[in-house]
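Observations on the model geometry
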Amino acid sequence: VQLQASGGGLVQAGDSLRLSCAASGRTFGDYGMGWFRQPPGKEREFVAAINWRGASTDYEDSVKGRFTISRDNSKKTVSLQMNSLKPDDTAVYYCARSRRPFDDIRRGEQFYEDWGQGTQVTVSS
């Protein structure tokens, strides 16, 4: 499976961005998806995840209430709507697919594979 993330950019604090991740392959709908980010000089961290059906989601505490993850299995895409952006949200954002089909939502990177190339989000103050 190949994942292509897009939608990043340079915005001001308080603005919104919508990231998208397009997937190839015929079994997209069988796998959970996650968004992670890597701030400058820091390790990659969990942001949000959605299960294979789109019925369950999970968010890192700092983005709860501001970010929304969603998926469209018919289009093989997963999106991350980011509102009320803050400078601390500046990072390269990656999408990834869960290793196992029909798995529970996971936060750890070890549960994901097929990482996309990342898209840069920069939030100025």
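Please refer to the structure higher up on the page.
Computed from a prediction, not measured in an experiment: that's the story for all the values here. Each chain has its residues counted from 1, following the order in which its sequence is written. Whole-chain, interface and lining totals are the exception, using all residues; otherwise, since this is a predicted model, local features are given only for residues with pLDDT of at least 70 and side-chain atom pairs are given and counted only at 80 or more. Remark: hydrogens and water are excluded; side-chain values derive from all non-hydrogen atoms of the structure.

1. As for the state of the cysteines
Each disulfide is one covalent bond, formed between the sulfur atoms of two cysteines. To keep it simple, the criterion reads: Count a disulfide wherever a pair of cysteine sulfur atoms falls within 2.5 Å. By definition, any uninterrupted DSSP run of H or I lasting at least four residues is a helix, any uninterrupted run of E lasting at least two residues is a strand, and each is numbered from the N terminus. Summary of the burial criterion: residues with accessible area below 20% of their type's maximum are buried, those above 50% are exposed, and those between are partly exposed, where the area comes from a 1.4 Å probe applied to protein chains only.
Under the defined criterion, the tally for this structure stands at one disulfide. Here C21 pairs with C95 through a disulfide, and the sulfurs are 2.1 Å apart. Torsion about the S-S bond of the C21 and C95 cystine: about 65°, corresponding to right-handed handedness. A residue pair is termed long-range when its members are at least 10 positions apart, and C21 in strand β3 (residues 17–23) and C95 in strand β9 (residues 91–101) qualify at 74 residues. Summarising the burial analysis for this pair, C21 and C95 share the class buried.

2. Focus on the nonpolar core
Rules: Residues belong to a common nonpolar core when they are buried Ala, Val, Leu, Ile, Met, Phe, Trp, Tyr or Cys residues joined through side-chain atoms within 4.5 Å.
With 26 residues, the main nonpolar core has W35, L80, M82 and Y93 as its most contacted residues. Looking at this core, the elements that each hand over two or more residues are β1 (3–6), β3, β4 (31–38), β5 (45–50), β7 (67–72), β8 (77–82), β9 and β11 (119–124). The greatest single-element share of this core, amounting to four residues, is contributed by β3. Residues F36, F46, A96 and Y112 belong to the second largest nonpolar core, which totals five residues.

3. Focus: the pairing of β1
Just so we agree on the cut-off: Here the rule is simple: two strands pair whenever DSSP picks up at least two bridges between them.
With burial as the criterion, only one face of β1 is covered, namely that bearing L3 and A5; the residues Q4 and S6 on the opposite face remain uncovered. Of the pairings in the sheet, the one linking β1 to β3 comprises four bridges and is antiparallel in character. Paired with S6 across the bridge in β3 is S20.

4. Describing the packing of aromatic side chains
Cut-off, in case you're wondering: Aromatic pairing here means that ring centres of Phe, Tyr or Trp (its six-membered ring) are within 6.5 Å. Orientation follows from the plane angle: under 30 degrees is stacked, over 60 is edge-to-face, and everything else is tilted. The criterion is that NZ of a Lys, or CZ of an Arg, lies within 6 Å of the ring centre and within 35 degrees of the ring normal, and then a charge sits over that ring.
Across all of its chains, the model carries four aromatic pairs by this definition. Relative to Y112, the ring of F36 lies with its centre 5.1 Å away and its plane at 75°, an arrangement referred to as edge-to-face. Highlighted residues: F36 in strand β4 and Y112 in strand β10 (residues 112–113), separated in sequence by 76 residues. We note that F36, like Y112, is buried. Judged by centre distance (4.9 Å) and plane angle (65°), the ring pair of F36 and W115 falls under edge-to-face. You can see F36 sitting in strand β4 and its partner W115 sitting in the loop between β10 and β11, a full 79 residues away along the chain. Here a set of aromatic residues connected by ring pairs shows up, and it is made of F36, F46, Y112 and W115. The side chain of R53 reaches across the aromatic face of W52, ending 5.4 Å from its centre. The cationic tip of R71 hangs over the ring face of F28; the distance from NZ or CZ to the ring centre is 4.5 Å.

5. Considerations on the side chain of R37
The condition is simple: Polar contact criterion, stated in full: a pair of N or O atoms within 3.5 Å, where within protein one must be able to donate a hydrogen and the other to accept it, and residues adjacent in sequence count only if both atoms are side-chain atoms.
Relative to the elements of secondary structure, R37 occurs in strand β4. In this structure the side chain of R37 is engaged in a polar contact, spanning 3.0 Å, whose partner is the side chain of Y93.

6. Thoughts on the pattern of salt bridges
As a reminder, the rule being used: We define a salt bridge as a side-chain nitrogen of Lys or Arg found within 4 Å of a carboxyl oxygen belonging to Asp or Glu.
Taken as a whole, this structure holds eleven salt bridges when the rule is applied. Here E113 ties to R99 by a salt bridge, and the two come within 3.3 Å at their closest N and O atoms. On the criterion of sequence distance, the pair formed by E113 in strand β10 and R99 in strand β9 is long-range, its members being 14 residues apart. Here R99 falls in the partly exposed class, since its relative accessible area comes to 45%. One salt bridge connects D103 with R100, and the closest N-O pair in it is separated by 3.2 Å.

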